[in-house]
Amino acid sequence: MNNKLTEVRRLLALHHEMFRSSIPLIASENVVSYAVREAMISDLGHRYAEGWPGERVYAGCRYIDEIELMTIELMKDLFGAAFADVRPISGVTANLAVFTAFTEPGDVMMALSIAKGGHISMGKKKFGGTAGAVHGLEIEYFEYNDKELNIDVDATIKKIETLISEGRKPKLAYFGGSVILFPHPVKELADYLKSNDIVVAYDAAHVAGLIAGGKFQDPLREGAEIMSMSTHKTFFGPQRGAILASTDEYADRIKKAVFPGVVSNHHLHTLAGLAIAAIEMKVFGKAYAEEVVKTAKKLAEELYNRGLDVLGSEKGFTESHQVLIDVTRYGLGGDIEKLLEKAGIIVNRNLLPWDPSRGLSYTNPGGIRMGVQEMVRIGIDSKHVDAVADYIYRVVVKKEAPEKVREDVKEFRKDFGKIHYSFDRVEDAYKYITLPGAAAGI
Ligand code: DSN
């Protein structure tokens, strides 16, 4: 058993070393500050606090309650919301609570298909998506314009009119998702949706930090009534979720849907981490969001100038942290993802809007999705991103041996590691931290 314990710790250290020497480009990931990490190893990780602050089902929560109330106020302030529930433990949990609060099984919900950027939590039952398979919703897709890479407003209204005439009026319309290069037309559709008693929600999991930093659309000002999110992509938090609302009107049903609906205890060490992340966002969010969008645009442009098929070239490539490439001239997304990983460039393969019609599936789709938010947090920003484009170009287009590129990536990474946009003074975002006395008996 001692050997097994040593082995787990060895693998953890190797994982840290891999990320310390790689270029992290997964659009849904980030690193947290040491201040957030400190909260995550606190005693709060051992406690239970079911229910709302002040009305807990357990004793011993007096400080936890204060932290949760602070987190609620910080999130309301950051997003200009009237109500916040910070107990969902992930983005999927937050979305499931919204489905529970506003719909019944069998109701119709509008969302984007996965290929056009929708998240799996909004998927149909036949694909095992949370909305369909867990909550029993019927999913109808927003109409989408492949050229504009966005929801088609007129065609969507037409589709909803047809659904209404068939007696299948949607109850909920969910904007946002997993691939989002440009702001969704919330303000163009919100009045129409609300006039038909369709609740307007926005999944800000990917762009929450950009919204908080004032660099993306502001859904709650554009007519969204509900905004759900995860807290760890462009936001500085640990892996967790939140639900915000533009009015207090929905507070009771959201609270009930979260607890006892979809969450029992809500992982209090990450709650404290979220409080600290929200403070960091308040102080550093604007500068960070600006640099993230600038870096994403620069990376897209550098790749495009090297001949890659970067999506959105006629629209400035991206307004978010994401860059999307059609790699089919050089191979398929899954194969290229593996090659890039060998070179120390961590990306994920992604369906493109037109992949299903050309017979490609998520196992080996036509696209690669990249997000620059973690790179920017460790200092690889618009000033350095041409080097990143070069490494990608050498692997994808020039077909250089990834092992050779890996050596150069390792060398490049030696200059980066400090956590920027935080109060920390630490030099290594990827250090594997051992605690004094841990497993000392081995
Ligand atoms: N599917 C994840 C992503 O967008 O990467 C989020 O859950």
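Keep in mind it's a predicted model, so treat the numbers as computed, not measured.

Asker: Teacher, can you tell me more about the overall build of the protein here?
Answerer: A count of helical and extended segments in the protein gives 15 helices and 15 strands. Scaling as 2.2 N^0.38, a compact globule of 442 residues should have a C-alpha radius of gyration of about 22 Å, and the protein matches this with 22 Å. Once the C-alpha set of the protein is aligned to its principal axes, its extents read approximately 60 × 55 × 40 Å. A burial count over the protein gives 57% of its 442 residues as buried. Nonlocal contacts in the protein, meaning residues at least 24 apart in sequence, comprise 75% of its contacts between residues at least 6 apart. Charged side chains of the protein number 55 positive and 60 negative; the gap between the two group centres comes to 4 Å.

Asker: Would you explain unusual backbone geometry in this entry?
Answerer: One can expect most non-glycine residues to show negative phi and most peptide bonds to be in trans. Residue Pro260 is reached from Phe259 by a cis peptide bond, and omega for that bond is 15°. Tracing the sequence through the fold places Pro260 in helix α10 (residues 251-262). Even without being glycine, Lys399 reaches a positive phi, approximately 60°. Examined against the element boundaries, Lys399 turns out to sit in the loop between α14 (385-396) and α15 (402-413). Even without being glycine, Ala439 reaches a positive phi, approximately 50°.

Asker: Any chance you could explain the sheet that holds strand β2 (residues 83-85) here in plain terms?
Answerer: Ordered by their spatial adjacency, 7 strands build an open sheet running β2-β10-β9-β8-β7-β3-β4, and the pairing between neighbours is mixed. Of all strands in the sheet, those with a lone pairing partner are β2 and β4 (138-141), marking the two edges. With strand direction ignored, the average angle separating the axes of adjacent strands in the sheet is 25°. Bridge count between strand β7 (residues 170-176) and strand β8 (residues 199-203): 5 bridges; the pairing is parallel. The residue bridging Phe175 from the neighbouring strand is Tyr202, located in β8. Across the sheet, helix α4 (residues 91-102) is in contact with β3 (108-111), β7, β8, β9 (226-230) and β10 (241-245); its angle to β9 comes to roughly 155°.

Asker: In this structure, what is going on with the packing of helix α11 (residues 268-305) against α14? I would like to understand it.
Answerer: The relative placement of two packed helices comes down to the angle between their axes together with the axis-to-axis distance. It is at 9 Å that the axes of α11 and α14 come closest, and there the two elements cross at 40°. One finds that α11 runs oblique with respect to α14. When the axes of α11 and α14 are compared, the crossing they make is right-handed. Contact residues: α11 offers Thr295, Lys298, Leu299, Glu302 and Leu303, while α14 offers Val385, Asp386, Val388, Ala389 and Ile392. The class makeup of the residues in the contact of α11 with α14 is 6 nonpolar, 1 polar and 3 charged.

Asker: Help me understand the site of the ligand, please; the structure alone is not making it clear to me.
Answerer: By nearness alone, every residue bordering the ligand is listed as Ser28, His119, Ser178, His206, Lys233 and Arg369. At 2.8 Å, a side-chain N or O of His119 approaches an oxygen atom of the ligand. A distance of 2.7 Å separates an oxygen atom of the ligand from a polar atom in the side chain of His206. Protein contact buries 67% of the 240 Å² of open area that the ligand shows by itself. A breakdown of the residues in the shell around the ligand according to their chemical character gives no nonpolar, 4 polar and 2 charged.

Asker: Would you explain the nonpolar core in this entry?
Answerer: Note on soluble globular proteins: their nonpolar side chains tend to be buried together. Leu25, Met75, Phe79, Tyr202 and Phe235 are the most contacted members of the largest nonpolar core, which has 139 residues in total. The leading source of residues in this core is α11, at 16 residues. Leaving out residues up to four positions away in the same chain, Leu25 has contacts with Leu299, Ile345, Ile346, Val347, Arg369, Met370, Gly371, Val372, Met375, Val388 and Ile392.

Reading the values: the criteria
Residues numbered from 1 in each chain as written. Predicted model: local features only at pLDDT ≥ 70, side-chain atom pairs only at ≥ 80, totals over all residues. Heavy atoms only, no water. Helix = DSSP H or I, 4+ residues; strand = E, 2+ residues; numbered from the N terminus. Rg over C-alpha atoms; globule rule 2.2 N^0.38 Å. Buried < 20%, exposed > 50% of the residue type's maximum accessible area, 1.4 Å probe, protein only. Contact = heavy atoms within 4.5 Å. Lys, Arg positive; Asp, Glu negative; His and termini not counted. Charge placed at Lys NZ, Arg CZ, Asp CG, Glu CD. Pairing = 2+ DSSP bridges. Axes fitted to C-alpha atoms, helices over the stretch in contact; angles between N-to-C directions. Parallel < 35°, antiparallel > 145°, perpendicular 65-115°, else oblique. Left-handed = near helix turned anticlockwise from the far one by under 90°. Nonpolar A, V, L, I, M, F, W, Y, C, P; charged D, E, K, R; others polar. Near = heavy atom within 4 Å. Polar contact = N/O pair within 3.5 Å; in protein donor to acceptor, adjacent residues only side chain to side chain. Areas by Shrake-Rupley, 256 points an atom, 1.4 Å probe, with all protein chains shown as cover. Core = buried A, V, L, I, M, F, W, Y, C linked by side-chain atoms within 4.5 Å.

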